[in-house]
Amino acid sequence: MPRIHFVEFGGREHLIDVPAGTSVMQAAIDNHVPGIDGDCGGECACGTCHVYVDPTWLPKTGTRTTSEDELLNFAAATQESSRLACQIRMDDTLDGLRVRMPEGQH
Amino acid sequence: MSTLSRVQAREEALSIPLDRIDVSNPKRFQDDTVWPFFERLRREEPVHYCSDSMFGPYWSVTKYRDIMAVDTNHNVFSSEAGGIVIFDRKVGERYPNFIAMDPPKHDEQRKTVSPIVAPANLANLEGLIRSRVCAILDSLPRGETFNWVEQVSIELTTQMLATLFDFPFEERRLLTYWSDVATTFPQPGQPIDTWEKRDAILAECLAYFTGLWNERINKAPGYDLISMLAHSPSTRNMGPREFLGNLILLIVGGNDTTRNSITGGLWFMSQNRDQLQKLRGCPALIPGAVSEIIRYQTPLAHMRRTALRDATVGGKQIKAGDKVIMWYISGNRDSEVIESPDSFIIDRKNPRQHLSFGFGIHRCVGNRLAELQLRILWEEMLERRLDLEVVGDPERVPSNFVHGYSALPVRIAA
C-alpha cells in the first residue's frame, strides 16, 4: 500500500498508508490529519486542500488542471509546488510522496 | 410564524401547478414558508423555469450537484453579464464590484483584498475578536428581554468590519445602516421605497469613504481594506461607482452574512435543546457545529448567473441570456448529498460540505473569518455557561437574497 508523508505547517509529520486510488485529500481527511479541509469533498471547487508537493515528487504528480490552477490562483501563499490534494490520486509510483501543508486553508 | 400559515403554505406548494411556482417572492422568506415550494421543486423539477415573477423570468437551480455545476462553470455562467442577484438593474445604474465581474478583472481585484482574510492575518485577529466577544457577552442585561440581533449579532460583526476598514470606531453603525440599505429591494411601504432613495443614501456612503480614501492614498500602504484598494494597481484607478460597488460588496459580505449566522445559531440551538446539551458536554464539537449553523442558516439564499451561451443543466435547455438562480438555501437541504438535511445535527459526518460559501472562483473570500467569529462566540458562551432563553420567534427580513433576521428576543436569568 503506498504511503504519504504529510507535514503540518508547524512541522509535525504523519506517515499514512493509503489504498491505491484514494486522493491525497481523502487520505488526510480519513486519517484525521490536520491542515487539510476539503470543503467541497473532492470536486476541485473550493481550494481548501492546498498542499506543497516536495520538489522531488512534483513531476510524478502530474500537472494542474485548468480549474485547479484557477483556484490556486486565489489561495494564500501559493508556490510553484502548490497543488490541490484532491487532484492527486495515489498509486504505487507515488509511494513515499511528501507534501507540506500551508498555514491555513482559505 | 404560525403553524396555520405553515400548513397553508404546504398545501399551496403541493396543489399549485408546477409551472406557476415562484420561489422568489420575498414575503415567503419573511414568513419562512418557502421551504415546501423548494421541496417540491427538488422532487419534481429540480431545474425549473418561472416565466413570470416580480423579478422577471428566471431559472431556479435547486439541487446541490446542479448548483455546484453552475457555480464552477464561470465561462458559461457569467457573474458580470447580469450581476449576482435576482433583481435587474440597467448597466449604467449598477455599481460594478469584483464578485459581479468575470475573469480577468475579477481575479485581480479579489486578490487585492483577500490577504486581509488569509490565514496569517486571521491568526492576528483572533485575540481581538475574543476580547470583543467577551466584552459584548459580559455587558448583556440580566433579567430583561433584549434583541439578540442588535446587541450581539450586529455589534460583533460591525466592530469587525470597522477594524477591517480601519473605519472610525464610534461611527461604526453607519456601516450597519449602509449594509441594510444596500441589500434592500425597494418596495412600497418599506422604509426604502424607491431606487432613488436607496441610491441617495449609498451616495452618502461613497462620500464618507472617499474621505477615508483621500486620507490613506497620501500615506504609506496600511493593512486595512481602504488602504489596500487605494494602493493596488488593480483598484487604485476605480471610478466612483466601482469604488462604491466594491465597498458595498465588502460591507455586505462582512456584515450581513455572519450577523445572521450568529442569530440563526442561537435560534437553532434553542429549537434543538438536545444539540445544545451535546455541545455543552463536548466543546470540541464547536467547529463542526459552526459549519452546521452556516449550512442550516444559509445566510445568502441565492446567487444569480446569466448564461452566456446555450447550456444544459439537470437535463434542461438553458438559452444564452437566461437568468439562472442558484438557490443555495435549497441545495443545502438536498437529501441526495446531505443526510437528514432538514435536521440540525452539530456532529454530522461531513459538516463542511455545504453550499453556503458557494463554489468555484467566486467562493466566499471571508469564509474563514466568518467561522472564526462564530467559533469564538460559541467558545465564550459555553465558557460562561450563559443560560440564554429565547422567549419568542425571530422576525425575518423580507429578502430572497439576505436570509436573515431583524429581531430575536432573548432573556438571561437575573
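Scroll up for the structure.
Read on for an overview of the structure. Computed from a predicted model, the values in this text were never measured in an experiment.

### Quick look at the overall build of chain B
Scanning chain B from N- to C-terminus turns up 16 helices and twelve strands. Taken over the C-alpha trace, chain B has a radius of gyration of 21 Å; the compact-globule value for 414 residues is 22 Å, and the two agree within 12%. Projecting the C-alpha coordinates of chain B onto the three principal axes gives extents of approximately 55 × 55 × 40 Å. Per-residue burial for chain B yields a buried fraction of 58% across its 414 residues. Accessible surface, chain B: about 16,600 Å² in total, of which carbon and sulfur atoms supply 52%. Taking the average location of the 49 positive side-chain charges in chain B and that of its 52 negative ones, the two points are 3 Å from each other.

### Some thoughts on the overall build of chain A
Within chain A, the regular secondary structure consists of two helices and five strands. Beginning at the N terminus, the succession of helices and strands in chain A can be written as β-β-α-β-α-β-β. Taking 2.2 N^0.38 as the reference for a compact globule, 106 residues should give roughly 13 Å; the C-alpha atoms of chain A span a radius of gyration of 12 Å, in line with that estimate. Over its C-alpha atoms, taken along the principal directions, chain A stretches across nearly 35 × 25 × 25 Å. Sorting the 106 residues of chain A into buried and exposed places 48% on the buried side. In the structure as shown, chain A presents an accessible area of about 4,800 Å², 47% of it carried by carbon and sulfur atoms.

### Focus: the sheet that holds strand S9 (residues 388–390) of chain B
Residue and element names in this part refer to chain B. Spatially, S4-S12-S9 is the arrangement adopted by the three strands of the open sheet, whose pairing is antiparallel. Sheet topology places strand S4 (145–147) and S9 at the edges, where each strand pairs with a single neighbour. Neighbouring strand axes in the sheet, compared pairwise and without regard to direction, differ in orientation by 40 degrees on average. Pairing between S9 and strand S12 (residues 409–412): three bridges, direction antiparallel. Within S12, the residue paired with Val390 across the bridge is Val410. Of the strands in this sheet, S4, S9 and S12 touch helix H7 (residues 148–165), which is tilted by about 45 degrees from S4.

### What about the interface of chain B and chain A?
Contacts between the two partners involve 22 residues from chain B, matched on the other side by 16 residues from chain A. Buried surface at the junction of chain B and chain A, both sides included, amounts to about 1,600 Å², of which 58% is carbon and sulfur. Three residues stand out in chain B for area buried against chain A, namely Pro119, Arg352 and Arg368 of chain B, and they jointly supply 29% of the buried area on that side. Our count for the contact surface shared by chain B and chain A stands at four salt bridges.

### Some points on the side chain of Arg348 of chain B
Assignment of secondary structure puts Arg348 of chain B in the loop between helix H15 (328–331) and helix H16 (367–383). Contacts of Arg348 of chain B, omitting those with residues within four sequence positions, involve Glu292, Arg295, Ile338, Glu339, Ser340, Pro341 and Ser343 of chain B.

Criteria and thresholds
In this numbering scheme, every chain counts its residues from 1 along its sequence in written order. A letter from A marks each chain and a number from 1 marks each ligand, given out in the order of writing. Where totals are concerned, whole chains, interfaces and linings use all residues; where local detail is concerned, this predicted model gives features only for residues with pLDDT of at least 70, and gives and counts side-chain atom pairs only at 80 or more. Hydrogen atoms and water are omitted, and side-chain values are computed over all heavy atoms in the structure. Runs of E in the DSSP output that reach at least two residues are strands. Runs of H or I that reach at least four are helices, and both are numbered from the N terminus. To get the radius of gyration, use the C-alpha atoms; to get the globule rule, take the number of residues to the power 0.38 and multiply by 2.2 Å. Only protein chains enter the area calculation, which uses a 1.4 Å probe; residues under 20% of their type maximum are buried, those over 50% are exposed, and those in between are partly exposed. With residues, only the protein chains shown are counted as cover, and all accessible areas are computed by Shrake-Rupley using a 1.4 Å probe. The charge count treats Lys and Arg as positive and Asp and Glu as negative. His and the chain ends do not count. A charged residue contributes its charge at one atom only: NZ of Lys, CZ of Arg, CG of Asp or CD of Glu. In short, DSSP must find at least two bridges between two strands for them to pair. Every axis in this analysis is a line fitted to C-alpha atoms, fitted for helices over the stretch in contact. Angles between the N-to-C directions lie between 0 and 180 degrees. Throughout, a residue-residue contact means that at least one pair of heavy atoms, one from each residue, lies within 4.5 Å. Buried area: the accessible surface (1.4 Å probe) lost by two parts on joining, summed over both. The term salt bridge refers to a pairing of a side-chain nitrogen on Lys or Arg with a carboxyl oxygen on Asp or Glu at a separation within 4 Å.

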